[in-house]
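This is what each chain is made of:
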Amino acid sequence: MDIEQVVSHDYCIGCGVCRAVDPAIEIGLNKYGEYVANLNNSSVDGLKLASKVCPFATNLNETEITDEVFSGQMQQEFIGRFSGLFAGYSLNDRESGSSGGIITYIIRQLLITNKIDYAVLARPHMANNTRGLEFSFDVVSSEVEVNSGATSFYYPVTYSKALEFIAKNPGRYAITGVPCFHKAIRLLKRQNPLFHERIQFQLGLVCGQLKSALYFEYLLRRADVPSGKVESACFRRKDSKSRADEYFFEAIVQANGGRRNIYRISNKKIGVNWGMGLFKPKACDYCDDVFAETADIAVMDGWLPHYVNDGRGTSLIVVRDERLMDILTGGRETGNLHLEDISTEEIVKSQQGGLNHRRKGLAYRLSLSAGKMPVKRIQPSSSFPFLFKFEQIIRLALRKTSRHAMVLQTQAGSGLLIFNVLMALQFFFYRIVQELKRIFRT
């Protein structure tokens, strides 16, 4: 596949890296609240360059890239290359982070020790939209600015403007992102020496799926936030007295008289689980990289029994860059980090649900697909139990229908009545499948 086929078949993830090699390409939100590339003004040569950096076009796969970048390191089938595996947290950043605050700690140390001049990370912004708020990648250069990007934002973002800044401003950069975004950055660095020189560190976030802007609106409505502007929002407000996998979505609205109203809803009360895949781009169903294999480090939630009971949060860490290994071990020696060694088996087990979907599930989805599709490391297969295949089919339907249903809901006005009616049957079948899996322990 080239980038034209990626876009025309809805596999574009909106990373914006293509625009770094062809400024004629525009990156914007579609009606489903997903960033996609507009190639209408691109030339033939521009499209060729863009295809070479597109993470879903036919390029080097993640294994080939890591064999080149991290050769000589240990290797595991799912994790990829690595030099160290840890579980832990930053004593100073744990409270503000989604899990253990490790990424925030690393960026701060890179700035303090003058190893970078800038960092690229996602932060909230006032925006000219119905809610007055959006989230986007920013280039920051101070410790104070780093703190504002310390938690997770389940909202679409693109590298488009950040890469434009990097191209115009000499310096050393660290860049955060999800697996497919890091793959695109690696491909860009192979093609363009300027970005290879300036982007010194790639800090990866283990990813189950991206979300569209419609997901933010859905959460606001589930939390009974009234129509109109939102002052701020937090997708992962912790409850230190509860479990790490029990958290709140929180929105703050400024009412008359300057009073600030806080709206909250727990992830357990939202009524849908992450595995349903509501509001995710199609590309996420055709990605086989869970552990940000091409990044210099991959950080994830500690979804293991002995960590999940601590509501303050714990990070699991896959290290591939020795410079970052030095920062982590140095932090442990000074007492700023709590770190303990962890096995490959535990790392894999912590993300087993995502691996099932992106490996076995992908094999089945590839067998169902007709026409053009991305070339993956996973081979198509239909040799799975009926219940597993039925679950994958329902997930595909949930992804597609949720996008259309929420568009209709927003056009119709407030509430979620239309959305719930259109989704009811699929929700019912999904929950039946989950109950059958529990009964038969599949």
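Residues numbered from 1 in each chain as written. Predicted model: local features only at pLDDT ≥ 70, side-chain atom pairs only at ≥ 80, totals over all residues. Heavy atoms only, no water.

Visitor: How should the side chain of Thr-294 be read in this particular structure?
Guide: Relative to the helices and strands, Thr-294 resides in the loop between strand 12 (260–266) and strand 13 (297–301). Residues contacting Thr-294, with those up to four places away along its chain left out, are Glu-62, Ile-65, Thr-66, Phe-70, Pro-179, His-182, Lys-183, Arg-186, Gln-202 and Asp-289. (Helix = DSSP H or I, 4+ residues; strand = E, 2+ residues; numbered from the N terminus. Contact = heavy atoms within 4.5 Å.)

Visitor: For this particular structure, what's the right way to read helix 8 (residues 179–191)?
Guide: One turn of an α-helix holds 3.6 residues; hence residues three or four places apart share an orientation. With 13 residues, helix 8 should cover 18 Å at 1.5 Å per step; its first-to-last C-alpha distance of 19 Å lies within 8% of that length. Among the 13 residues that make up helix 8, eleven are buried, leaving the element largely enclosed by the rest of the structure. What helix 8 keeps buried is the set Pro-179, Cys-180, Phe-181, His-182, Lys-183, Ala-184, Ile-185, Arg-186, Leu-187, Leu-188 and Lys-189. (Expected span 1.5 Å × (residues − 1). Buried < 20%, exposed > 50% of the residue type's maximum accessible area, 1.4 Å probe, protein only.)

Visitor: I keep staring at empty space enclosed by the protein and nothing clicks. Help me out?
Guide: Over the atoms rolls a probe the size of a water molecule, and in doing so it shows where empty space is left. Per the counting criterion, the structure on display carries five cavities of 30 Å³ or more. Within this model, the largest cavity holds a volume of roughly 100 Å³. What lines the largest cavity is a set of 16 residues, among which Ser-98, Arg-236, Ala-244, Trp-303 and Gly-313 lie closest to the centre. Roughly 80 Å³ of volume is contained in the second largest cavity. Ile-3, Tyr-11, Cys-12, Ile-13, Gly-14, Cys-15, Gly-16, Cys-18, Ala-37, Cys-54, Pro-55 and Phe-56 are the residues that line the second largest cavity. (1 Å grid on protein atoms, 1.4 Å probe; cavity = no way out; pocket = protein on both sides within 12 Å on 5 of 7 lines; lining within 4 Å. Points joined across faces, edges and corners; volume = space filled by probe spheres on them.)

Visitor: I keep staring at the environment of Met-74 and nothing clicks. Help me out?
Guide: Counting through the fold element by element, Met-74 comes out in strand 3 (residues 74–76). For Met-74, a relative accessible area of 46% puts it in the partly exposed group. The sequence separation of Met-74 and Arg-320 amounts to 246 residues, and the corresponding C-alpha distance is 9.3 Å. Among all residues touching Met-74, those that are not within four sequence positions of it are Gly-80, Arg-81, Phe-82 and Ser-83.

Visitor: What's the story with the layout of surface pockets in this structure? I'm lost.
Guide: In this model, the second largest pocket occupies a volume close to 510 Å³. Lining the second largest pocket we find 25 residues, and of these Thr-130, Arg-131, Ala-213, Glu-217 and Thr-410 sit closest to its centre. No other element matches the five residues that helix 10 (residues 213–222) contributes to the lining of the second largest pocket. Here the lining of the second largest pocket is composed, by residue class, of ten nonpolar, ten polar and five charged. (Nonpolar A, V, L, I, M, F, W, Y, C, P; charged D, E, K, R; others polar.)

Visitor: What should I look at first to understand the pairing of strand 5 (residues 84–90) in this one?
Guide: Sheet faces and side chains relate simply in a regular strand, where the side chains alternate between the two faces. In terms of burial, strand 5 is a largely internal element, seven of the seven residues being buried. Neither face of strand 5 is open: one carries Gly-84, Phe-86, Gly-88 and Ser-90, the other Leu-85, Ala-87 and Tyr-89, and all of them are buried. Relative to strand 14 (residues 315–319), strand 5 is paired through five bridges, and the arrangement is antiparallel. Note on strand 14: the bridge partner recorded for Phe-86 is Ile-317. Pairing geometry for strand 5 and strand 15 (residues 337–341), over five bridges, is antiparallel. Looking at the pairing, Tyr-89 lines up with His-338 of strand 15. (Pairing = 2+ DSSP bridges.)

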